[in-house]
Amino acid sequence: MRRSMGLGLVLAIALTGCTTSSGSYASVGLAPIPGSITYHGQPRTKLTKSPVGSSFPHTFTDQWGRQVEEIYIIRPDRSLLIAERHYRPVFSLDDD
């Protein structure tokens, strides 16, 4: 009984570390790279019709020729936050 309570306490402490607000609007997000929508600052036109908190993808080729997909989130002030960035593989081993 005592052992299971100790294990439960350890798991509870570990889970509280996992509940950070990494996706919140206050987070800084990823730094823009060449090709990002926000590379030269925030866009001049505001996304007024899209709801706050909505997300959209943007795919481009970076300066080294890699395919990049970024996911943006619209903040309450209508600025964009780069929430995720994925680099696509140049080739796939399962292609026939």
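Structural data are supplied above this passage.
Residues numbered from 1 in each chain as written. Predicted model: local features only at pLDDT ≥ 70, side-chain atom pairs only at ≥ 80, totals over all residues. Heavy atoms only, no water.

Q: Explain the environment of L30 to me, please; I cannot follow it from the model alone.
A: Tracing the sequence through the fold places L30 in the loop between α1 (2-18) and β1 (55-61). Separated by 40 residues in sequence, L30 and E70 place their C-alpha atoms 9.6 Å apart. Among all residues touching L30, those that are not within four sequence positions of it are I82, A83, E84 and R85. (Helix = DSSP H or I, 4+ residues; strand = E, 2+ residues; numbered from the N terminus. Contact = heavy atoms within 4.5 Å.)

Q: Can you walk me through the sheet that holds strand β3 (residues 80-87) in this structure?
A: A sheet is described by the order of its strands in space; here three strands give the open sequence β1-β2-β3, paired in antiparallel fashion. Two strands lie at the open edges of the sheet, namely β1 and β3, each paired on one side alone. Pairs of neighbouring strands in the sheet enclose a mean axial angle of 25°, with direction left out of account. Relative to strand β2 (residues 67-74), β1 is paired through seven bridges, and the arrangement is antiparallel. (Pairing = 2+ DSSP bridges. Axes fitted to C-alpha atoms, helices over the stretch in contact; angles between N-to-C directions.)

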